[in-house]
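# Secondary and tertiary structure notes
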Amino acid sequence: MKILAKLTTVETKLLVREPGAVFALLLPLFILVAFGGAIEEGDTVLLPIAVTMAISLVGLYLLPTTLATYRERGVLRRLSVTPVRPGNLLTVQLLLQLVLSVLGVTLLLVVGIGFLGAHGPGALRFLTAFALGTAAMFSVGLLIAALASNGRSANGFGVLLFFPLAYLGGVMQPVDRMPDILALIGEYTPMGALRQSLDDVWSGGVLALSPLVTMAVYAVVVSLVAARSFRWE
């Protein structure tokens, strides 16, 4: 336990110093504040988009870049001959990235509800959407980390994947302004399913089953593929 505690402390310090962590926290917050003047009329659109973006930036950008960089630098290989096994580092990283996602989403809720006047979401429905959405986005990030040859390529793959998923998922523009076929495809992407569920949360309706199932399938299937594909060195 002492080894894991020390590892967690070290990894936390490294994460705090990582510019990408600051970017993942501040970009969704900036978007929320910049467009927050119309939040009284549009909080059921703006907050779900900002929360979806916060989770997705961590899952698609920060998580795979960190893990692929560790493999590239031989950190995982060296850990395999120490009491701190590579799996422990992976577990700590997943937990820290989860904490970062929670922190980012909490900032958005505090600013959106406390300062911009948005109404709060139902707790149970929000936690359900958040948990499944985070699991789905992290699974995609793990697959990127498994397949990327180094940290730079993981970074590039994550960024390149983020933008089409954001467009298809209705994060970059309203779904009703998209071609029908693209809107339909977007419903079955992890980012689109997360945004849909969060829309349901803020609109006060019942959580639709299809987005929840979509996120669960991504979380399970893509995680299994990532686990089978992951290389420690």
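Residues numbered from 1 in each chain as written. Predicted model: local features only at pLDDT ≥ 70, side-chain atom pairs only at ≥ 80, totals over all residues. Heavy atoms only, no water.

Spelled out, the test is: UniProt positions are given in the numbering used here, feature names are shortened, and annotations may be inferred rather than shown by experiment.
Per an unreviewed UniProt entry, the chain goes by the name Transport permease protein and belongs to Streptomonospora salina. Within the UniProt record for the chain, the comment given under Sequence similarities (unreviewed entry) is "Belongs to the ABC-2 integral membrane protein family."

## Focus: the overall build of the chain
Inclusion rule: Only runs of H or I of at least four residues qualify as helices and only runs of E of at least two qualify as strands under DSSP, and these elements are numbered from the N terminus. Only the C-alpha atoms count toward the radius of gyration. The rule for a globule is 2.2 Å times the residue count to the power 0.38. When accessible area is computed with a 1.4 Å probe and restricted to protein chains, residues below 20% of their type maximum are described as buried, those above 50% as exposed, and intermediate ones as partly exposed. A contact between two residues is defined here by any heavy atoms of the two lying within 4.5 Å. Here the accessible surface of atoms and residues is derived via Shrake-Rupley with a 1.4 Å probe, and residues count as covered only by protein chains that are part of the display.
Counting secondary structure elements, the chain contains 10 helices and zero strands. When the helices and strands of the chain are placed in sequence order, the string is α-α-α-α-α-α-α-α-α-α. A globule of 233 residues ought to have a C-alpha radius of gyration of about 17 Å, and the chain, at 18 Å, matches this closely. Per-residue burial for the chain yields a buried fraction of 48% across its 233 residues. Counting contacts in the chain only where the partners sit at least 6 residues apart, residues at least 24 apart contribute 76% of the total. When the accessible surface of the chain is totalled, it reaches about 11500 Å², and 70% of it is carbon and sulfur.

## A closer look at the nonpolar core
As a reminder, the rule being used: Note on terminology: a nonpolar core comprises buried Ala, Val, Leu, Ile, Met, Phe, Trp, Tyr and Cys residues joined through side-chain atoms within 4.5 Å.
In this structure, V51, L60, V105, F126, M191 and W202 are the most contacted members of the largest nonpolar core, which totals 62 residues. For this core, the secondary-structure elements that each account for two or more residues are α1 (2–17), α2 (19–34), α3 (39–72), α5 (86–115), α6 (123–147), α7 (151–168), α9 (190–203) and α10 (209–229). Looking at which element gives the most residues to this core, the answer is α3, with 17 residues.

## Observations regarding the environment of V111
Note on placement: V111 falls in helix α5. The spatial distance from the C-alpha of V111 to the C-alpha of L29 is 8.1 Å, given a sequence separation of 82 residues. Discounting chain neighbours no more than four positions away, the residues touching V111 are L29, L32, V33 and L116.

## A word on α2
Think of an α-helix as 3.6 residues a turn; residues three or four steps apart then line up on the same face. Which entries qualify depends on this criterion: Multiplying one less than the number of residues by 1.5 Å gives the expected span of a helix. In the analysis that follows, any N or O atom pair within 3.5 Å is treated as a polar contact, provided that within protein one partner can donate a hydrogen and the other can accept it, and provided that, for residues neighboring in sequence, both atoms belong to side chains.
Taking 1.5 Å of rise per residue, the 16 residues of α2 would be expected to cover 22 Å, and the 21 Å separating its terminal C-alpha atoms lies within 8% of that figure. Of all the residues in α2, the buried ones are G20, A21, A24, L25, P28, L29 and L32. A distance of 3.1 Å separates the backbone nitrogen of G20 from a side-chain oxygen at the start of α2, and that oxygen is part of E18.

## Some points on the UniProt feature "transmembrane region" (unreviewed entry) in the chain
With numbering aligned to this structure, UniProt lists the feature "transmembrane region" (unreviewed entry) at residues 21–39, 45–68, 89–117, 123–147, 154–172 and 201–227. This span, residues 201–227, is 81% helix and 0% strand, and a straight line between its end C-alpha atoms measures 32 Å.

## Thoughts on the packing of aromatic side chains
Aromatic ring pairs are described here by two measures, namely the spacing of the ring centres and the angle between the planes. Rule in force here: Whether two aromatic rings pair depends on their centres lying within 6.5 Å, for rings of Phe, Tyr and Trp, where Trp uses its six-membered ring; planes under 30 degrees apart make the pair stacked, over 60 edge-to-face, and the rest tilted.
Counted according to the given criterion, the structure contains four aromatic pairs. Ring geometry for F23 against Y61: centres 6.2 Å apart, planes inclined by 70 degrees, an arrangement best described as edge-to-face. In this pair, F23 sits in helix α2 while Y61 sits in helix α3, placing the two residues 38 residues apart along the sequence. Relative accessible area serves as the criterion here: at 41%, F23 is assigned to the partly exposed category.

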